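Remarks on the overall topology
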Amino acid sequence: MLTKNLEKALNKQIQIEAESSQVYLSMASWAEVKGLEGISLFMYKHSDEERMHMLKLIKYVNERGGQAQISALQAPSSDFKSFQQMFQDLYEHEIFVSKSINDLVHVALEERDYATHNFLQWYVAEQIEEEALARTILDKINLIGNDKGGLYLFDRDVQQITVESAAANSAD
Ligand code: FEO
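Throughout what follows, the structure given in this document is the object of discussion. The shown structure was predicted, so the numbers you read here are calculated from the model rather than taken from an experiment.

Regarding the overall build of the protein
- Along the protein, the regular secondary structure elements total five helices and zero strands.
- Written out in order from the N terminus, the α and β elements of the protein read α-α-α-α-α.
- Relative to the globule expectation of 16 Å for 172 residues, the C-alpha radius of gyration of the protein, 17 Å, shows essentially globular dimensions.
- The burial tally for the protein puts 45% of its 172 residues in the buried class.
- For the protein, restricting intrachain contacts to residue pairs at least 6 apart in sequence, the fraction spanning at least 24 positions comes to 80%.

If you want it as structure tokens, here you go:
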């Protein structure tokens, strides 16, 4: 059985994962309209992954005698200066999510709920991967600069990065 305090903290994380899904959905739609097909596919997939993170938490809260809250979400930004800026925003958003997961782990320990602490380790590992993935992408973007051929290849290859990370995740 979850304590009220931990249930509240887990519900906050459910909202953050749902909002993350919306953030990447908005990025996917922006990229699609700009004709950046590969980036768009990457973002649609990322949005789906965030929804999966949310669902996993919902199931866990309900399984442990709590009740998952499905709340109103903050609208994400829908206008981006450039795709480079968009990936910078993605990186910063993942750092924010990592901090939120760390805070949640802290509450689980304070409440001496070791089952939840154990459950959250999946999210801790996932955040390491997500931050690393975002940094890899930003490094590639920096290397390319304004080279048109490089940008074309980046849009094509960014899908591959997603596939590779998905394969790595499923191997866990
Ligand atoms: Fe669910 Fe991208 O963290």
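Looking at the pattern of salt bridges
- Tallying each qualifying case throughout the model produces six salt bridges.
- Among the ionic pairs, D113 bridges to R64, the shortest N-O distance being 3.4 Å. In this pair, D113 is assigned in the loop between helix 3 (83-110) and helix 4 (114-144) and R64 in the loop between helix 2 (37-63) and helix 3, connecting sequence segments 49 residues apart. Just as D113 is buried, R64 falls in that class too.
- The partner of E131 in a salt bridge is R135, with the nearest N and O atoms 3.9 Å apart. With E131 and R135 both in helix 4 and four residues apart, this pair spans about one turn of that helix.
- Residue classification places R135 among the partly exposed residues on the basis of a relative accessible area of 39%.

Examining the nonpolar core
- Ranked by internal contacts, the top residues of the largest apolar core, which has 24 residues, are I39, M43, F87, I137 and F154.
- Where this core is concerned, the elements lending two or more residues are helix 1 (4-33), helix 2, helix 3, helix 4 and helix 5 (148-171).
- Look past the residues within four positions of I137 in its chain and what remains in contact with it is F42, F87, F154, V158 and I161.

Let's talk about the side chain of S47
- Following the sequence through the fold, S47 ends up in helix 2.
- There is a polar contact of 2.8 Å between the side chain of S47 and the backbone oxygen of S21.
- With residues near it in sequence (within four places) discarded, S47 still touches S21, Y24 and L25.

Some thoughts on unusual backbone geometry
- Here the phi dihedral of R112 falls at roughly 55°; this positive angle occurs in a residue that is not glycine.
- Here R112 is to be found in the loop between helix 3 and helix 4.

Things to note about helix 4
- In this model, helix 4 (31 residues) spans 46 Å end to end at C-alpha, consistent with the 45 Å of a helix rising 1.5 Å per residue.
- A maximum bend of about 30° is found in helix 4 at L120.
- Where helix 4 begins, one side-chain oxygen reaches toward the backbone nitrogen of A115, 3.3 Å away; that side chain belongs to D113.

Observations regarding the packing of aromatic side chains
- The tally for this structure, following the rule as stated, stands at seven aromatic pairs.
- A ring pair is formed by F42 and F87, whose centres lie 5.8 Å apart and whose planes are at 55°; its orientation type is tilted. Linking F42 in helix 2 with F87 in helix 3, this pair joins segments that are 45 residues apart in sequence.
- You can call F87 buried: its relative accessible area is 1%.
- Ring plane angle 55° and centroid distance 5.7 Å describe the contact between F119 and Y123, whose orientation is recorded as tilted. Residue F119 and its partner Y123 are located together in helix 4, separated by four residues, close to a single helical turn. Of the two residues, F119 and Y123, neither departs from the other in class, the shared state being buried.
- A network of ring pairs unites the aromatic residues F42, F83, F87 and F154 as a single cluster.
- Between K56 and the ring centre of W122, over which it is positioned, the NZ or CZ distance is 4.4 Å.

Conventions we followed
Residues numbered from 1 in each chain as written. Predicted model: local features only at pLDDT ≥ 70, side-chain atom pairs only at ≥ 80, totals over all residues. Heavy atoms only, no water. Helix = DSSP H or I, 4+ residues; strand = E, 2+ residues; numbered from the N terminus. Rg over C-alpha atoms; globule rule 2.2 N^0.38 Å. Buried < 20%, exposed > 50% of the residue type's maximum accessible area, 1.4 Å probe, protein only. Contact = heavy atoms within 4.5 Å. Salt bridge = Lys/Arg side-chain N within 4 Å of Asp/Glu carboxyl O. Core = buried A, V, L, I, M, F, W, Y, C linked by side-chain atoms within 4.5 Å. Polar contact = N/O pair within 3.5 Å; in protein donor to acceptor, adjacent residues only side chain to side chain. Expected span 1.5 Å × (residues − 1). Bend = angle between axes of the 7 residues up to and from the residue. Phe/Tyr/Trp six-rings, centres within 6.5 Å; stacked < 30°, edge-to-face > 60°. Lys NZ or Arg CZ within 6 Å of the ring centre and 35° of its normal.

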